[in-house]
Amino acid sequence: MILFLFIILVLFLTIVQTSFLPHFELLNSVPNLMLVFVVSWCILRNYKNGLFGAVLGGFLLDLFSSTFFGVNMISLTVTMIVIYIIISNFVDMNNIYTRIGIISLATLFYYLFTLFIFFILDFFDLKLSGYLQPLWQKILGGIVLNIIIMFLFYWFVNFFRDFSIRYNDRVKAKT
Amino acid sequence: MFKISQNKIFLFLISLVVIIVLITFHFIGILNPVENILLKVLAPIKSVFFSIGERVFDLFAFLGSIRDLAKENKNIKTDLEKSLVARARLEELENENNDLRKQLVYNKKSSLDLIPTKVIGKDSNNLSNVVNINKGLNNDVVKDRFVVVSDGILIGKVTEVYSNYSEVLLISDIYSHVQAHIKDSNADGIVSGEHGLGLIMELIPQDKVIKKGDLVTTSDLEKKSYDLLIGEIEEIDSGDNELFQKARIKSPIDFKDLDYVFVVKN
């Protein structure tokens, strides 16, 4: 049940990301819901679901994207893994500043890693469309927007955690 | 160096292997049925969300523009006065044109055969200028076809086609290259995108005299051209030491606000 809800949530975020959000371009960028979602999930819940979300979310984004198939999947998953390693090794606290720092770092890493993949694909002439746009503007815009979205997701992931705990308790009580 | 258990490393590696398998399956074609089902199911939902987003955006845009209404109104009044003068001139030209047509054998151009489609999404990566439309192979959409808005103004080219869904690379993308023609000076060149911010026409021969306001259309060299309008020249860059001239093109279309577009069929 929880897994099913999680998959529905990832599907919903993909649709919102690719069809609703592009209208609301701010700071020359739009927030990356999937990235903030998987990172928030990794921090607040567990890395396994975060990893699953990164692969599934990346797959769905690739499906609706003109980029080389797999770019979103690889970028999201690698970003999630790197952020997880950083959190488990260097971050002890979970306060507002560390959250902002983690999301900023994740966004920066995600964009740079994606551009690195584009560079590699371009080198082998495998890339299908153009990407090298005014990057720093977009990256900075992306960081700011992702931080704003993060607050929303933190609330939501906490809510979802409480819900799943209550749900599991109820199932246990019935059995 | 890093504290990370072997189980986790194993899980990370498994994830990467799964990704590689999915990518391989995608390119071999094994995933095609699954992808087509997902696209078929999700495309209508995307279309609904796209429309909702458009309405919400329009509402915000309207609220934001209220304070500018007085200024806008004044500008519109001025434009209207200018339009009236222009209209009178146009009527005069129309009459003159009709007279000339009567004297010439006029071969009317065949009209464009268009497939109406709706924009249902945009690229998620924030870095490219691609839109998704709700028609595909089942609706005779073919790769490399031009895409226009209702007035015959070029906006892009079909780059990827699925059964009920296609991707259109906008001409504002840096990887879009369209052969173009400047009517007034009879000059040819290549129009490409400028980081999603505008259009630039390059490779215009130095011996051609171009001026601001000249109309730019698709060129006959493209073979599938029907004189689709691309835009008008806004700025010219013709350095003496350069082999070719460059011109910044202003498109009448707002590429961020596309709703219904048409794929040129013939």
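Quick look at the structure, then. Keep in mind the model is a prediction, meaning the values are calculated, not measured.

### Brief notes about the overall build of chain B
Step number 1: For chain B, the count of helices and strands is three helices and twelve strands.
Step number 2: Among the 266 residues that make up chain B, the fraction classed as buried is 30%.
Step number 3: Residue pairs in contact within chain B that sit at least 24 positions apart in sequence constitute 54% of those at least 6 positions apart.

### Thoughts on the overall build of chain A
Step number 1: Scanning chain A for helices and strands turns up six helices and zero strands.
Step number 2: Along chain A, helices and strands appear, N-terminal first, in the series α-α-α-α-α-α.
Step number 3: In chain A, buried positions account for 46% of the 175 residues.
Step number 4: Pairs at least 24 residues apart make up 72% of the contacts formed inside chain A by residues separated by at least 6 positions.

### What about the packing of helix α3 (residues 47–63) of chain A against helix α4 (residues 71–90) of chain A?
Residues and elements named next belong to chain A.
Step number 1: At their nearest, the axes of α3 and α4 sit 7 Å apart, and the two run at 160° to each other. Here α3 is positioned roughly antiparallel relative to α4, judged by the angle of their axes. Our pair here, α3 against α4, has a crossing hand that is right-handed. Of the residues in α4, those in contact with Tyr 47, Gly 50, Leu 51, Ala 54, Val 55, Gly 57, Gly 58, Phe 59, Leu 61 and Asp 62 of α3 are Val 71, Asn 72, Met 73, Leu 76, Thr 77, Met 80 and Tyr 84.

### Here we look at unusual backbone geometry
Residues and elements named next belong to chain B.
Step number 1: The phi dihedral of Asp 144 is positive, around 75°, even though this residue is not glycine.
Step number 2: Mapping Asp 144 onto the fold places it in the loop between β2 (130–133) and β3 (146–149).
Step number 3: For Asn 186, which is not a glycine, the phi torsion comes out positive at approximately 55°.
Step number 4: With respect to the helices and strands, Asn 186 occurs in the loop between β6 (177–182) and β7 (187–193).
Step number 5: For Asn 186, a count of 10 C-beta atoms within 10 Å puts it in the exposed group.

### A short note on the interface of chain B and chain A
Step number 1: At the interface, 45 residues of chain B touch 42 residues of chain A.
Step number 2: Every element with two or more residues in the side of chain B that touches chain A is listed here: α1 (6–28), α2 (32–65), β1 (114–122), β2, β4 (153–161) and β5 (166–170) of chain B.
Step number 3: Ranked by residues supplied to the side of chain B that touches chain A, first place goes to α2(B) with twelve residues.
Step number 4: When its residues are assigned to classes, the side of chain B that touches chain A shows 23 nonpolar, twelve polar and ten charged.

### Brief notes about the packing of helix α2 (residues 33–44) of chain A against helix α5 (residues 96–123) of chain A
All names here are of chain A.
Step number 1: Interaxial distance between α2 and α5 falls to 10 Å at its minimum, and their mutual angle equals 130°. If you check the angle between α2 and α5, you find them oblique. With respect to the hand of their crossing, α2 and α5 are arranged in right-handed fashion. The segment α2 lies against α5, with Leu 35, Val 36, Val 39 and Ile 43 engaging Ile 102, Ile 103, Ala 106, Thr 107 and Tyr 110.
Step number 2: Taken together, the residues of the contact of α2 with α5 sort by class into eight nonpolar, one polar and no charged.

### What about the nonpolar core?
Step number 1: Core analysis: the largest hydrophobic core is formed by 92 residues, its most contacted members being Val38(A), Val39(A), Met80(A), Ile155(B) and Ile230(B).
Step number 2: Element by element, the count of residues in this core is highest for α2(A), at ten residues.
Step number 3: The two domains that each donate at least three residues to this core are domain 1 (6–63) and domain 3 (111–266) of chain B.
Step number 4: With residues near it in sequence (within four places) discarded, Met80(A) still touches Val38(A), Val39(A), Cys42(A), Gly50(A), Leu51(A) and Ala54(A).

### Focus: α1(B)
Step number 1: Over its 23 residues, α1(B) runs 33 Å from end to end, which matches the ideal 33 Å to within 8%, given 1.5 Å per residue.
Step number 2: Positioned one or two residues after α1(B), Gly29(B) has a phi angle of 110°, which is positive.

### Some points on the pairing of strand β11 (residues 244–250) of chain B
Residue and element names in this part refer to chain B.
Step number 1: Here β11 shows a clear split, with Gln 245, Ala 247 and Ile 249 buried on one side and none of Phe 244, Lys 246, Arg 248 and Lys 250 buried on the other.
Step number 2: Both strand β10 (residues 229–237) and β11 contribute to a ladder of five bridges, which runs antiparallel. Note that in β11 the partner of Glu 235 across the bridge is Arg 248.
Step number 3: Hairpin connection of β10 to β11: six residues between the antiparallel strands.

### Here we look at the pairing of β6(B)
Residues and elements named next belong to chain B.
Step number 1: One ladder, built from six bridges, connects β6 with β7; its direction is antiparallel. Opposite Ile 182, over in β7, you have Ala 187 as the bridge partner.
Step number 2: Hairpin connection, β6 to β7: the antiparallel pair is bridged by four residues, and Asn 186 has positive phi, about 55°.
Step number 3: Taken together, the three bridges between β6 and strand β9 (residues 215–218) define a ladder with antiparallel strand orientation. Counted as the bridge partner of Ala 180 is Thr 218 from β9.

### Here's the deal with the environment of Asn28(A)
Residue and element names in this part refer to chain A.
Step number 1: Along the chain, the position of Asn 28 falls in the loop between α1 (2–20) and α2.
Step number 2: A residue is classified by how many C-beta atoms lie within 10 Å of it, and Asn 28, with 16 of them, is partly exposed.
Step number 3: Sequence separation between Asn 28 and Ile 139 is 111 residues; the distance between their C-alpha atoms is 9.1 Å.

Each value, and the rule that gives it
Residues numbered from 1 in each chain as written. Chains lettered and ligands numbered in written order. Predicted model: local features only at pLDDT ≥ 70, side-chain atom pairs only at ≥ 80, totals over all residues. Helix = DSSP H or I, 4+ residues; strand = E, 2+ residues; numbered from the N terminus. Buried ≥ 20, exposed ≤ 12 C-beta atoms within 10 Å, placed from the backbone. Contact = placed C-beta atoms within 7 Å. Axes fitted to C-alpha atoms, helices over the stretch in contact; angles between N-to-C directions. Parallel < 35°, antiparallel > 145°, perpendicular 65-115°, else oblique. Left-handed = near helix turned anticlockwise from the far one by under 90°. Nonpolar A, V, L, I, M, F, W, Y, C, P; charged D, E, K, R; others polar. Core = buried A, V, L, I, M, F, W, Y, C linked by C-beta atoms within 7 Å. Domains from an automatic or database assignment. Expected span 1.5 Å × (residues − 1). Pairing = 2+ DSSP bridges.

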